[in-house]
Each structure stands twice: as C-alpha cells, then as structure tokens.
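# Coordinates in review
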Amino acid sequence: MPVIIFLLITAITALSVFAIERGERRREQAVLGETAQVIASSLDRRVNTSGSYLIAGAALISTLDRVPADLFRRFATELRLDADYRGSMGIGWSPIVPRGQIGAFEAMVTSETGEAFTIEPLPDRQSNFAVPVTFFEPMADRMARARGFNMYSEADRRSAMQEAIRTGRPTASGPVELVSGQDAERRGFIVYMPVFEPGTGGELIRGFVYSPFSSQEFLDSVLTRELIGERGVRLYDGEPSPGNLVASHTPSRMTGNVTRIEVSLADRPMTVEVESARGDALSLLSMITLLFGIAVASLSMLVARLLTQQAHEDQSALDFYAEQNSIRNSLTRELNHRVKNTLANVLSIVALTRRRATSLEDFASGLDGRIRALSATHDLLTQSEWGTTPLQAVLEAELAPYTNSVDAMLELKGPGVELAPNDALSFGLAIHELATNASKYGALSVEGGRLRVDWKRLNDDLVEVVWQESNGPPVSQDRTRGFGTELIEKIVAHELKHPVDLSFAREGVRCVLQVPVRKRAEFQLRARRNQLSEAAPTN
C-alpha cells in the first residue's frame, strides 16, 4: 500500500511537470514567434524609411540639370536622418557616366570637391557606362576610400540596379562588401533608387540614389535586451542556410529550437530566425513542482508505512493474545490428560504391588521405588518443558544408582533419539523394573556382572531397545512370574502400543522393547507458545 501511494503521487507529479513543461514550451514558441515578428517589422520599417528618403532624393535630383556637391550635401543635411534610419551608413549619389565622358566627369568632380577623383574600374567592353560613387553623406573615412568605385562593375550591385530600373522602386542588393578592401565584417547590402530624366517616361536613366546597410549594424539596431533576452537572432538572405547568413546575434545556449519568418526588404526576400536559449532543462516551476511532489510522495509513503506497520503490530498483538488464550486452554486440557494418565499408572502400580506384596513393608518398599522411577522421568520431562526427552537421558536417570558401582559394568550405546512425554514415562518405568530386578537377582547383584543396553532405529517412527544382562547369577528356569514382569508386559506394552519380548535365559535376562518415535508435529503447541512468548509485544 505505501508503495502504491508513492507511485500514485509520483505519477501525478510527473503529469503535472509534463503539463507545465508543455505549457512553458508553447509559451516559448509563442514568444519566439512574436519576437521574430517584431524584429521583422522593425527591419522592414527601417528599410521603408530609408526608401522614402531615397525616393525624395530621386525626385529632387530628377528636377536638376546637374547635381553639385554643395547641393547634395545640403540636401542630405536637411533630411535630418533620425533614429529610424539607424543601420544605414548614409545616403549617396551615383550618376550614369558614359564611357566617352569619363575623363571630363573626373575633372569636373575634382574641381568641385578639391580632391582627386578617379573612376575605377573602367567599364568593360560589354558596358558603355560606369556608375561611380560620387557623393556620399556623411562622408566618413571608410566611405572616402570608396569614391570613384564603379559599382556597376560588380555583379550583385549591377543586378540590383537593373532590377530597380525595371521596377522603378527602391531595390536591395544581395550580400556585398560595402567598402572595397575592407574585412568581411563590413559586409551588407545596398538599396538603390533609380533617377530618371524627366519627361522620358522612365526610359532614360540619369543615375541612382542609394543607401548602404551594414548587415550586422542593421540587425543590431532593432535588437534590445528586453526584446531578445538570451535568445539568438539570425538574418538570412533568402533561404535559411549557413551560406546565406548575413548577420547574427549568438544565443547564450544553442538549442536548435527556432522560429522563422520571411520578410521582404526593398523587394529582397530575407528570413529572420529566432532561436530559443531554453534547453531541455526543467523550468523553475517544474523543478519546484517535482521536488514538492517527491517530498509529498515520500512523506505519504512514510506515514502509510508507519500506519501499516502499526496495524500489523496491533493485529500481531491480537493474534498473540488469542494464541495465548488457546494455548492456555490446550495446556489445561493437556495437564488434565497427563495427570489422569499418571494417576492411572499409579493406580495400576498400586494394584499390582498390592497383589504381589507379602507384607506391608514389602508393599511400601515396592511402591516407593516405582513411584520414584516415575518421579525421575517426570523431572526429565519438566527440564524439557514436557517436550521431547532423549532416550539415553531416561536410561541414565534410571540407572544412576548403579553407575558408581565397581562391582558391575554398564554400557549404553545407540543413536540420539527423542521420546514423547508419555512414551518416556512408560519407557522409564520399564527400565526401572529391569534395573531393580537386575540389582536383586541379576547382573547388577554380583561383582563382574555386565549390563549392556543397545538401541537402534527400525524406521523413522520406531526404535528398538535391547536390554542384555550377562556374567550374573544363573537365572532360575522354574521361577514364578513377578510384579515386574507383569508391569512390563502389560502396562508398559499397553502404553507403548508395541509388544515387549522379555526372556529369562540362564545366562542372563534379555528384554527387547519397541518404543515409538513420534513426530515433532505433535509437540508444536508448546514450541509455538515459546515463540510467541519471545515475540510478545512490550509496552
């Protein structure tokens, strides 16, 4: 029962933890999706803001015959680029310069800016014009190194310009190296807005207003600690693959649990990926629930075990007292039965002694010896608490008066055999009569007499005892039957439930008795009483 309670509470705890974890994961997925949507929206807003500035710049430039450096600088200053323009490196102007006008254009720009201006690389044979970086604001050192760079000579930039001309809208390029010769960490993309000659219906292109974006700075501009926490964010150009990664924010722990959302930035498809930093470890609430559940399960099991143990102890006490009462009743009946048997034996002995006695003194002497024989055997039974008594112990008790005699020799030999109480009494009485007869008329009455008692098991339930006297006075063959003979052949044989073979050969008396060996099951009652006494509850 305690184990069942423990398993039940543990199962409930496990289900609770599972439900909590499932809810936490669903919440995390929802947060990932919301975070990805916020990031994508912020990126889109920044690109749209940049596109609006580019459209405004294109509209202004299309009304001018020529774009002087001071005018473009004043135009960029008046734009007052705000926080939504973060991530962009600025705004620039790149006109279309035909191959034949490159030298004149270089001289004009050099004259206006006061700095040497050279277009590199020159257009190849497949291109009749160049699109050089001419003006850029703010003109930082890194952008100054890009002055004169022919953007149309590079495939990704050229492809974006051609798409912008086709659509007439701001168009983003693929990943490019923003400043030639710089490290890959300055890689990004450029948004181009075409500027057409007015009145040509978009057929004649004058150049491009553009804004370069550092991919990493562009992504970092929309990320805040409150927004992403320890999560990771990646920005891919197109499909999310390692080769298309353009910017990233590394999570505190790589888990592989990601949410992706596609976004179009200036007509360029990109993918925002947000990775959870929450791994397979249990949440705090799950850990608290688990520990609390285990504690409750363990405490419940302990209480149930204590209650069960107390119930078992109470039941054991009730069983003990009931068993004690049953044993007391059984012992009373057993004592009554044995007293009756003993009194019956005494009455039989008295009756036989009285018939054979020739005088009162003879009667008293014979009765005294036989009663003492019963008493000696009773002492042995009392020592064994009326359990089984060794056969050899009965022999030694009855022959004790003759063991110190130097005139006779005694020999007892046989295996260890345990006798039941009633059988021990009858056997002891028979040995007493044989010993008394031997001390008066047989081997124990003369010097050099010899008595040998052997016993052996005939089977598990029966032992044969052989009493053999030798070297004593010759046994008279015309002797009359005495009391001892009748006692052994009648009373003892009746009690042992086996006949007694008693012969008076001239060389010595021989008596063969068969004594039952009862199984211990008949004495389980007292053994059980002893065990219960040892196991009795104490207060």
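What counts and how
- Residues numbered from 1 in each chain as written.
- Predicted model: local features only at pLDDT ≥ 70, side-chain atom pairs only at ≥ 80, totals over all residues.
- Heavy atoms only, no water.
- pLDDT = per-residue confidence, 0-100.
- Helix = DSSP H or I, 4+ residues; strand = E, 2+ residues; numbered from the N terminus.
- Contact = heavy atoms within 4.5 Å.
- Phe/Tyr/Trp six-rings, centres within 6.5 Å; stacked < 30°, edge-to-face > 60°.
- Buried < 20%, exposed > 50% of the residue type's maximum accessible area, 1.4 Å probe, protein only.
- Lys NZ or Arg CZ within 6 Å of the ring centre and 35° of its normal.
- Salt bridge = Lys/Arg side-chain N within 4 Å of Asp/Glu carboxyl O.
- 1 Å grid on protein atoms, 1.4 Å probe; cavity = no way out; pocket = protein on both sides within 12 Å on 5 of 7 lines; lining within 4 Å.
- Points joined across faces, edges and corners; volume = space filled by probe spheres on them.

Attention now goes to the confidence of the model for the protein. Residues with a pLDDT of 70 or more make up 81% of the protein, whose mean pLDDT is 81. Looking at the elements of the protein, mean pLDDT is at its lowest for helix α13 (residues 524–535), recorded as 49, and at its highest for strand β5 (residues 171–172), recorded as 95. Scored below 50 in pLDDT, residues 524–528 makes 10 contacts in the model with residues more than four places away or belonging to other chains.

The geometry of an aromatic ring pair is captured by the separation of the ring centres together with the interplanar angle, meaning the angle of the planes. Per the counting criterion, the structure on display carries 11 aromatic pairs. Ring geometry for Phe-189 and Phe-218: centres 5.5 Å apart, planes at 80 degrees, overall edge-to-face. Note that Phe-189 is positioned in strand β7 (residues 187–196) and Phe-218 in helix α6 (residues 215–220), a separation of 29 residues in sequence. You'll find Phe-189 and Phe-218 in the same group, each marked buried. Seen from their ring centres, Tyr-192 and Phe-208 are 5.9 Å apart, and the 75 degrees between their planes marks the pair as edge-to-face. Separated by 16 residues along the polypeptide, Tyr-192 in strand β7 and Phe-208 in strand β8 (residues 205–214) bring together distant segments of the chain. With relative accessibility at 1%, the residue Phe-208 sits in the buried group. Taken together, the ring pairs in this structure connect Phe-136, Tyr-192, Phe-208 and Tyr-210 into an aromatic cluster. Directly above the aromatic system of Tyr-152 lies the positively charged group of Arg-158, at a separation of 5.9 Å from the ring centroid.

Under the defined criterion, the tally for this structure stands at 17 salt bridges. Of the charged contacts in the structure, one is a salt bridge between Glu-137 and Arg-73, with a shortest N-O distance of 3.5 Å. Of this pair, Glu-137 sits in strand β4 (residues 135–137) while Arg-73 sits in helix α2 (residues 69–79), placing them 64 residues apart in sequence. Residue Arg-73 is classed as partly exposed on the basis of its relative accessible area, which comes to 39%. Put simply, Glu-273 and Arg-234 hold a salt bridge, and the shortest N to O gap is 2.9 Å. Here the residue Glu-273 occupies a position in strand β12 (residues 268–275), and Arg-234 occupies one in strand β9 (residues 232–237), the gap between them amounting to 39 residues. Residues joined by salt bridges that share partners form a network here, namely Arg-234, Arg-260, Glu-273 and Glu-275.

So, on to the layout of surface pockets. By volume, the second largest pocket is sized at about 380 Å³. Contributing to the lining of the second largest pocket are 20 residues, with Arg-66, Pro-95, Ile-96, Phe-105 and Met-108 lying nearest its centre. Going through the elements one at a time, β1 (91–95), β2 (97–98), α3 (102–113) and β8 are the ones with two or more residues in the lining of the second largest pocket. No other element matches α3, which puts 5 residues into the lining of the second largest pocket.

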